[in-house]
There are 2 protein chains.
Amino acid sequence: MSDTHSRPSPEAVASVVAALAQRFESRCVTSQAVRDQHAHTLTWLKPEPPDAVVFPRTTAEVQEIVRLCAAHRVPMIPFGTGSSLEGQVNAPFGGISIDTREMNRILTVHAADLDVVLEPGVTRTTLNSHLRDAGLFFPIDPGFDASFGGMAATRASGTNAVRYGTMKDNVLALQAVLANGEVVTTARRAKKSSAGYDLTRLLVGSEGTLGVITELTIKLAGIPDAISAGICPFPSVEAACEATIATIQHGIPVARIELLDEVAVAASNRYSKLELPVTPMLFLEFHGTGAGVAEQARLFGEIAADLGGGPFDWATEPERRSKLWQARHDAFWAALALRPGCAGLSGDVCVPISRLADCVAETKRDVEAFGLTVSMVGHVGDGNFHALVVLDNANADEVGRCKAFLGRLVERAIAMEGTCTGEHGVGQGKMGYIESELGLGALDAMRSVKRALDPLNLMNPGKIFRL
Amino acid sequence: MSDTHSRPSPEAVASVVAALAQRFESRCVTSQAVRDQHAHTLTWLKPEPPDAVVFPRTTAEVQEIVRLCAAHRVPMIPFGTGSSLEGQVNAPFGGISIDTREMNRILTVHAADLDVVLEPGVTRTTLNSHLRDAGLFFPIDPGFDASFGGMAATRASGTNAVRYGTMKDNVLALQAVLANGEVVTTARRAKKSSAGYDLTRLLVGSEGTLGVITELTIKLAGIPDAISAGICPFPSVEAACEATIATIQHGIPVARIELLDEVAVAASNRYSKLELPVTPMLFLEFHGTGAGVAEQARLFGEIAADLGGGPFDWATEPERRSKLWQARHDAFWAALALRPGCAGLSGDVCVPISRLADCVAETKRDVEAFGLTVSMVGHVGDGNFHALVVLDNANADEVGRCKAFLGRLVERAIAMEGTCTGEHGVGQGKMGYIESELGLGALDAMRSVKRALDPLNLMNPGKIFRL
């Protein structure tokens with residue numbers, strides 16, 4: 001196959017759109033407004049809308065769409081909620097956006113097995129509302145109310161990955177329509193299997209480049225009997241990281257351990273009218289049994305005190321926990337409020353936890369050097385942090401400095417044996433870094449797999465790596 | 001490429017062996033005895049020895065071997081400790097066994113990051129001895145002292161997967177030599193990443209069919225501050241499964257939850273001179289903080305009592321825990337002792353936990369119907385169990401009944417939405433089941449990936465699926 005992609009001919013696109021319009025009627029839309037909504041709209045990346053948007057309801061309909069597009073060599077872009085942050089839904093070569101919002105049924109909850117089978121358009125808060133009475137929950141909580149198809153495709157994560165894992169760990173099985181129009185089911189409902197290649201985890205994180213996810217079997221957790229949560233100040237980010245390392249090494253199964261730097265804390269003080277000490281803080285949450293969560297909290301307090309931190313202010317009652325965590329919940333809005341009218345751009349890197357303090361420290365030096373407004377929030381138990389830049393998008397000089405700053409952040413993480421993207425995926429935005437992170441051998445292996453499963457390069461082309 | 005494989009010509013093999021002998025001298029062995037040791041020797045599967053065995057010491061040496069074999073179209077079979085159970089190390093088309101025993105260095109322990117970088121020939125007990133002083137451990141404990149390369153290749157698991165996961169969850173990154181002789185590094189040392197396709201988990205469980213693993217970055221856990229463990233009788237397997245479900249749903253982070261059926265318990269009573277009630281029993285272990293493990297044990301005891309089980313006899317002191325768990329530790333030998341001089345064959349299936357009791361019950365009916373001696377041990381928290389058949393290998397009729405029994409066990413598990421192999425892999429032994437489990441779509445996707453990464457089908461041919 002050719003190494004470069006090009007737009008299909010206008011005739012090919014017109015044929016496909018006409019056929020989709022006839023087949024799906026009002027569920028095939030070509031208005032400019034809807035097409036624009038289906039391009040990447042959340043960051044600087046240039047929006048590149050599709051030629052049309054179609055809203056299938058069943059796996060069989062997805063197959064029809066895929067076969068039609070494939071026959072005319074027209075690209076396809078799977079679409080969940082459009083909340084991805086690296087241009088994953090852009091259509092640089094045009095094509096058909098396959099919007100899964102009408103595939104939104106929760107099919108079966110298997111409470112005893114702690115799993116649920118659902119369609120890709122279901123969003124996480126919808127599922128959690130549905131599950132509450134069963135005493136179950138789906139633990140992964142990325143910033144937006146994302147769809148399951150989208151979360152699987154980007155290997156999404158959230159604030160409690162340190163205990164519950166990421167999408168890599170919580171997708172038991174997938175059903176997907178591949179580029180050849182065939183339906184693949186990657187696994188059954190067994191909790192573990194050694195039966196052949198792990199197609200589930202090949203598709204998870206493949207950002208729509210290998211197929212359209214049409215059904216998922218998702219792992220659930222029991223809503224914990226008890227939760228304790230609280231906040232703990234530290235004299236430095238380094239001390240906070242050391243406390244995190246010690247906590248995890250002790251086998252304390254901490255559920256959330258989030259870092260706010262002093263800029264983020266100060267911003268939250270202003271925004272939420274709090275009076276927290278302006279110093280790096282850890283926000284922690286423990287899940288388990290009544291005595292267990294109290295003991296975990298107490299032990300953490302001791303660890304913190306040994307490292308010069310504390311006091312650890314914690315509680316078990318929901319209202320008090322919520323109040324204690326307010327600065328964390330408001331962090332994004334508080335940062336934006338530092339410069340009203342400005343936009344926010346979130347860098348996302350992940351390093352070995354032993355390098356996190358250095359990574360944050362060097363990043364802060366860059367913040368000074370580049371004269372930017374940056375608030376830092378980290379999922380410190382995973383070594384993952386977000387540098388939230390608050391900037392005036394209309395100021396070309398500031399935009400330039402921000403881009404340079406974020407580029408250096410990624411290079412820094414890679415140099416520290418980390419990754420260019422902890423959670424947000426590669427999409428278009430990070431294509432430039434993946435080879436320096438993983439090397440040519442890995443990239444060539446990915447290209448080989450892509451060519452094998454999508455020889456015409458019609459599934460979300462122009463994402464993750466250049467062919 | 002052709003759909004069938006054939007042995008390379010004797011001349012091609014001789015060329016390769018001669019070149020390897022010249023290059024590696026005493027580290028290339030062609031004696032019949034050593035070749036026979038490198039064929040599958042642990043079950044009925046016919047041993048199929050390689051033409052020669054070579055013992056590389058470095059990744060660069062592995063690359064040389066791979067390139068030489070590839071140039072002459074000679075198959076390669078990666079070899080760890082030879083403890084796999086489905087014929088994974090057999091050489092049905094001859095070829096070169098690449099024995100990694102001399103690649104046995106533990107390279108770097110990153111205690112703060114809870115990871116270790118090591119060579120594929122390192123075995124798990126070697127690593128755990130090395131780590132003890134650091135207060136760390138590698139939790140996966142398959143029955144043999146397997147190598148890390150082998151455990152990764154078969155997606156191995158053990159008794160504490162319910163808390164610590166399987167190899168799928170504990171391999172952070174791999175380095176491997178692919179069929180084209182190129183070295184691939186699949187990831188960095190970040191705890192999570194969304195950077196492209198998950199090549200790590202493509203290789204984990206690929207049973208040597210996609211490349212030779214030459215280095216691994218493995219996740220570690222802290223040795224828990226405290227452990228409680230004990231045993232609990234139940235009136236039925238069903239009640240034991242219900243107690244397991246309830247325990248997990250409560251979010252109790254149980255570390256081990258093992259089921260022995262009454263046959264296994266009776267066998268252990270005889271073998272270890274115990275006086276356990278002859279009824280299904282759960283053997284549990286909890287890890288965590290001092291008060292935490294006591295509370296977990298207490299809560300489990302209540303759950304068990306509610307379901308007609310108990311009393312739950314448990315302890316925290318190492319000697320008492322060991323004594324309580326004796327029947328579980330001795331289960332394999334106790335079963336063999338039921339019929340001295342006979343062999344043991346372990347079936348391995350995994351079903352959704354809600355189907356486990358039915359699966360065990362139906363399997364027991366088959367045990368009666370087929371007139372076999374079978375003791376059952378289950379990693380019940382995962383829905384995985386082993387039917388250990390004790391049989392006289394020389395009795396053709398009994399062997400025939402055992403094969404039929406094990407075949408029906410696999411079909412039963414698949415029919416219950418489970419898998420034909422929870423832990424042992426597919427190899428040769430379960431090739432016949434993988435398509436009925438996953439369907440043609442998934443198998444074709446695996447074949448496409450295999451053909452893309454190993455177009456000449458030289459990497460451990462004749463395993464997992466027919467091309």
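Residues numbered from 1 in each chain as written. Chains lettered and ligands numbered in written order. Predicted model: local features only at pLDDT ≥ 70, side-chain atom pairs only at ≥ 80, totals over all residues. Heavy atoms only, no water.

Peer 1: What is the right way to read the pairing of strand β3 (residues 76-79) of chain A from this model?
Peer 2: Where a strand is regular, its side chains alternate between the two sheet faces. Residue and element names in this part refer to chain A. Residue alternation in β3 divides its side chains into two sets, Met76 and Pro78 and Ile77 and Phe79, and both sets are buried. Pairing between β3 and strand β4 (residues 96-99): four bridges, direction parallel. Looking across to β4, one finds that Pro78 is bridged to Ile98. (Buried < 20%, exposed > 50% of the residue type's maximum accessible area, 1.4 Å probe, protein only. Helix = DSSP H or I, 4+ residues; strand = E, 2+ residues; numbered from the N terminus. Pairing = 2+ DSSP bridges.)

Peer 1: Could you clarify how one ought to interpret the nonpolar core in this entry?
Peer 2: One recurring pattern in soluble globular proteins: nonpolar side chains tend to sit buried together. The biggest cluster of nonpolar side chains holds 190 residues, and the ones touching the most others in it are Met167(A) and Met167(B). Element by element, the count of residues in this core is highest for helix α17 (residues 431-453) of chain A, at nine residues. Among all residues touching Met167(A), those that are not within four sequence positions of it are Phe138(A), Ile140(A), Phe148(A), Met151(A), Ala152(A), Arg155(A), Ala156(A), Val204(A) and Ile218(A). (Core = buried A, V, L, I, M, F, W, Y, C linked by side-chain atoms within 4.5 Å. Contact = heavy atoms within 4.5 Å.)

Peer 1: Can you walk me through the sheet that holds strand β6 (residues 115-118) of chain A in this structure?
Peer 2: Within a beta sheet, neighbouring strands are joined by backbone hydrogen bonds and run either parallel or antiparallel to one another. The five strands are arranged β5-β6-β10-β8-β9 (chain A) in an open sheet whose pairing can be described as antiparallel. For this open sheet the edge positions go to β5 (106-110) and β9 (183-185) of chain A, each flanked by a neighbour on one side alone. Adjacent strand axes in the sheet meet at a mean angle of 15° when their direction is disregarded. Looking at chain direction, β6(A) and strand β10 (residues 211-219) of chain A are connected through four bridges and run antiparallel. Residue pairing in the sheet places Val117(A) in a bridge with Thr217(A) of β10(A). Against the sheet, helix α3 (residues 59-71) of chain A touches β8 (171-178), β9 and β10 of chain A, its axis set at about 40° to β8(A). Sitting on the sheet, helix α17 (residues 434-453) of chain B is in contact with β8 and β9 of chain A, with an inclination near 100° to β9(A). (Axes fitted to C-alpha atoms, helices over the stretch in contact; angles between N-to-C directions.)

Peer 1: What is the right way to look at the UniProt feature "domain: FAD-binding PCMH-type" (unreviewed entry) in chain A in this model?
Peer 2: The feature "domain: FAD-binding PCMH-type" (unreviewed entry), as given by UniProt, occupies residues 46-223 of chain A in the numbering adopted here. Within the segment residues 46-223 of chain A, helix and strand shares are 22% and 25% respectively, and the terminal C-alpha atoms sit 41 Å apart. (UniProt positions renumbered as here; feature names shortened; annotations may be inferred.)

Peer 1: Teacher, can you tell me more about unusual backbone geometry here?
Peer 2: Most peptide bonds take the trans configuration, and most residues that are not glycine carry a negative phi. All names here are of chain A. Here Gly310 and Pro311 are connected by a cis peptide whose omega angle stands at 0°. Relative to the helices and strands, Pro311 is located in the loop between α11 (290-306) and β15 (313-315). Of note, the phi angle at Glu25 is positive, near 50°, even though the residue is not glycine. With respect to the secondary-structure elements, Glu25 resides in the loop between α1 (10-24) and β1 (28-29).

Peer 1: Would you mind going over the domain arrangement of chain A with me for this structure?
Peer 2: Many authors give the size of an interface as the accessible area that is lost as the parts come together. All names here are of chain A. For chain A, the assigned domains are domain 1 (106-222) and domain 2 (225-427). Each of domain 1 and domain 2 has a C-alpha centre, and these two points are 27 Å apart. Taken residue by residue, the interface counts 14 residues in domain 1 and 16 residues in domain 2. For the pair domain 1 and domain 2, the summed buried area comes to about 1100 Å², and 45% of that belongs to carbon and sulfur atoms. The largest share of the area that domain 1 buries against domain 2 comes from Thr159, Val162 and Arg163, three residues that together contribute 50% of it. Viewed at the interface, domain 2 and domain 1 are joined by one salt bridge. Two residues, Arg256 and Asp141, come together in a salt bridge whose shortest N-O distance is 2.9 Å. The interface formed by domain 1 and domain 2 includes eight residue pairs in polar contact (both at pLDDT 80 or more). Residue composition of the side of domain 1 that touches domain 2, grouped by class: five nonpolar, five polar and four charged. (Domains from an automatic or database assignment. Buried area = accessible area lost by both parts, 1.4 Å probe. Salt bridge = Lys/Arg side-chain N within 4 Å of Asp/Glu carboxyl O. Polar contact = N/O pair within 3.5 Å; in protein donor to acceptor, adjacent residues only side chain to side chain. Nonpolar A, V, L, I, M, F, W, Y, C, P; charged D, E, K, R; others polar.)

Peer 1: Any chance you could explain empty space enclosed by the protein here in plain terms?
Peer 2: If a probe as big as a water molecule is rolled over the atoms, it shows which places are left empty. The final tally for this structure, using the stated rule, is four cavities of 30 Å³ or more. Estimated volume of the second largest cavity: approximately 120 Å³. Secondary structure elements with two or more residues in the lining of the second largest cavity: β14 (281-288) and α11 of chain A together with β14 (281-288) and α11 (290-306) of chain B. With three residues, the top contributor of residues to the lining of the second largest cavity is α11(A). (1 Å grid on protein atoms, 1.4 Å probe; cavity = no way out; pocket = protein on both sides within 12 Å on 5 of 7 lines; lining within 4 Å. Points joined across faces, edges and corners; volume = space filled by probe spheres on them.)

Peer 1: I keep staring at the sheet that holds strand β3 (residues 76-79) of chain B and nothing clicks. Help me out?
Peer 2: Residues and elements named next belong to chain B. The strand order across the open sheet built from four strands is β1-β2-β4-β3, with neighbouring strands paired in mixed fashion. Of all the strands in the sheet, just β1 (28-29) and β3 have a single pairing partner and so form its edges. Sitting on the sheet, helix α3 (residues 59-71) touches β2 (52-54), β3 and β4 (96-99), and the angle it makes with β3 is about 155°.

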